[in-house]
Amino acid sequence: MGKNVSIPSDILEIEGFKISLEFTFPVFILLLLVYSTLLFSNICVLILIIKEKSLHQPMYFLFCNLSVNDLIGNTVLLPQVMAHVISTKRFITYNQCLLQAFQSHTFGSACHMILVIMAIDRYVAICQPLRYSSIMTYKTVIGLSASAWGLSLLLVSVLIGLTVRLSRCRSFIQNAFCDNPSLFKLSCEDVSVNNIYGLFFTVLLFVFSIGTITATYIRIALICWTKKNKELNNRAIQTCTSHLILYLIMVWSGFLTIILHRFPNYPDLRKIAYILFHVVPANLNPIIYGLQTRSLRDKITQILKRKAVIST
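Position numbers for residues start from 1 in each chain and track the written sequence from start to end. Confidence filtering applies because this is a predicted model: local features only for residues at pLDDT of at least 70, side-chain atom pairs given and counted only at 80 or more, and all residues used for totals across whole chains, interfaces and linings. Excluded from the side-chain calculation are hydrogens and water; included are all heavy atoms of the structure.

Participant: Can you lay out the sheet that holds strand β2 (residues 91–93) for me, pointing to particular residues and giving the numbers?
Facilitator: Taken in spatial order, the three strands line up as β2-β1-β3 in an open sheet, and their pairing is mixed. Either end of the sheet is taken by a strand with one partner, and the two such strands are β2 and β3 (172–173). Summarising the sheet, strand β1 (residues 11–14) and β2 pair through three bridges and their orientation is antiparallel. Across the sheet, glutamate 13 pairs through a bridge with phenylalanine 91, a residue of β2. Residue contacts follow a heavy-atom distance rule, with two residues in contact if any of their heavy atoms lie within 4.5 Å. A fitted line through C-alpha atoms serves as each axis, taken over the contacting stretch for helices, and the angle formed by two N-to-C directions is quoted from 0 to 180°. Helix and strand assignments follow DSSP, with helices taken as H or I runs no shorter than four residues and strands as E runs no shorter than two, numbered in order from the N terminus. Lying over the sheet, helix α3 (residues 94–127) contacts β1, β2 and β3, oriented at roughly 85° with respect to β2. At least two bridges found by DSSP between two strands is the condition for calling them paired.

Participant: Please provide a residue-by-residue account of the UniProt feature "transmembrane region" (unreviewed entry) in the protein chain, values included.
Facilitator: UniProt positions are given in the numbering used here, feature names are shortened, and annotations may be inferred rather than shown by experiment. Per the UniProt annotation, the sites labelled "transmembrane region" (unreviewed entry) are residues 27–50, 62–82, 102–120, 141–162, 196–222, 243–260 and 272–291. Annotated as residues 27–50, this span is 100% helix and 0% strand, and its ends, taken at the C-alpha atoms, are 35 Å apart. Secondary structure across residues 196–222 divides into 100% helix and 0% strand, with the first and last C-alpha atoms of the span separated by 38 Å.

Participant: Before we move on, could you go through helix α8 (residues 230–260) and cite the residues and values that matter?
Facilitator: Multiply 1.5 Å by the residue count of a helix minus one, and that product is the helix's expected span. Taking 1.5 Å per residue, 31 residues should reach 45 Å; α8 reaches 44 Å between its end C-alpha atoms and fits that length. Considering bend angle alone, the principal kink of α8 is centred on cysteine 240 and spans about 35°. The angle between axes fitted to the seven-residue stretch ending at a residue and the seven-residue stretch beginning at it gives the bend at that residue.

Participant: Which residues make up the pairing of β1, and what are the values?
Facilitator: If a strand is regular, its side chains alternate between the two faces of the sheet. Working definition: with a 1.4 Å probe on protein chains only, accessible area under 20% of the residue-type maximum means buried, over 50% means exposed, and in between means partly exposed. With burial as the criterion, only one face of β1 is covered, namely that bearing Leu12 and Ile14; the residues Ile11 and Glu13 on the opposite face remain uncovered. Bridging between β1 and β3 involves two bridges; their strand directions are parallel. Among the inter-strand pairings, isoleucine 14 is bridged to a residue of β3, identified as isoleucine 173.

Participant: Now, about the side chain of asparagine 175: what can you tell me, with residues and values included?
Facilitator: Note on placement: asparagine 175 falls in the loop between β3 and α6 (180–184). Classification of asparagine 175 as buried rests on a relative accessible area of 0%. In protein, a polar contact means a hydrogen-donor-capable atom and an acceptor-capable atom, both N or O and within 3.5 Å, with residues adjacent in sequence counting only if both atoms are side-chain atoms; elsewhere, any N or O pair within 3.5 Å suffices. Among the polar contacts listed, one links the side chain of asparagine 175 to the side chain of serine 182, at a separation of 3.0 Å.

Participant: An account of the packing of helix α2 (residues 58–85) against α3 is requested, with residue identities and associated values reported.
Facilitator: Two elements in contact, α2 and α3, have axes separated by 9 Å at closest approach and are oriented at 160°. With respect to α3, the axis of α2 lies roughly antiparallel. Note on packing geometry: the crossing formed by α2 with α3 is left-handed. Residues are grouped as follows: Ala, Val, Leu, Ile, Met, Phe, Trp, Tyr, Cys and Pro are nonpolar; Asp, Glu, Lys and Arg are charged; every other residue, Gly included, is polar. Residues that form the contact of α2 with α3 fall into these classes: 16 nonpolar, eight polar and three charged. Each angle gets one of four labels, with under 35 degrees taken as roughly parallel, over 145 as roughly antiparallel, 65 to 115 as roughly perpendicular, and the rest as oblique. Whether a crossing is left-handed or right-handed is set by the direction in which the near helix is turned from the far one by less than a right angle, anticlockwise for left-handed and clockwise for right-handed.

Participant: Break down the environment of arginine 165 for me, with residues and values.
Facilitator: Residue placement: arginine 165 occurs in the loop between α5 (138–164) and β3. Spatially, the C-alpha atom of arginine 165 lies 9.6 Å from that of phenylalanine 184, the residues being 19 residues apart in sequence. Residues within four places of arginine 165 in sequence aside, it is in contact with Val193 and Asn194.

As structure tokens, then:
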């Protein structure tokens, strides 16, 4: 009885959310509305940026990365969560669980990386405006984007790969979705390597993104302070506010999720925090950038006016 027993079954059971019967459909409707809004807003922004030649600029191309990441990350997560909300049988295959965990962690790390290169873009635009077009070329932007996605995929591949090597002695996921900690907890083997790499992965990601973004914003603030140019200050506030709001929301929701993983007495709060980590930035991205970025806001206003004229 003391030996670990490997379970070859490919079917896993997910704990899900513990919701009383009368709240089942309201929660489902709420998640459906959130997901529908997320899809509509991000797809509309992508189509607008692709169709409007005036928006074919580095900043908007980088913003497309965020929208694509939001769409993929939430599409892998939310439909399955909604299905399990209204179902009493919450099962998932091991491979599907791995895919969901892989995409979920890729979503988080890609958010950090994309927001880092967006901060670099803003730094060049504000501090080196005359050299912006020669520095932030399409080749540079594509290279930075590819690096952000490539590094994210590499780090997450190692993270999930260390979990795949473990045998399983359990088949119950103590969560509402699949993530790496929930997966390696299925094993009765020593998971010290997983914990060490997971800590390294998290610290590297947060230190790199917080350090880089803090350094760029300090540099931007110093330039604005020394030049005392009202137009420069307004441009810095207009372009940096949206970026900083999104980053702070993502960092704090990410911190909350990581911290709650260390407190098993609050499982429901951890599940909610993880869902919010996915859906809040994804829903706010197009709204905040649409309101803060003048070119994008103007284009949306023009389209709405055009449609109003046609309808009348």
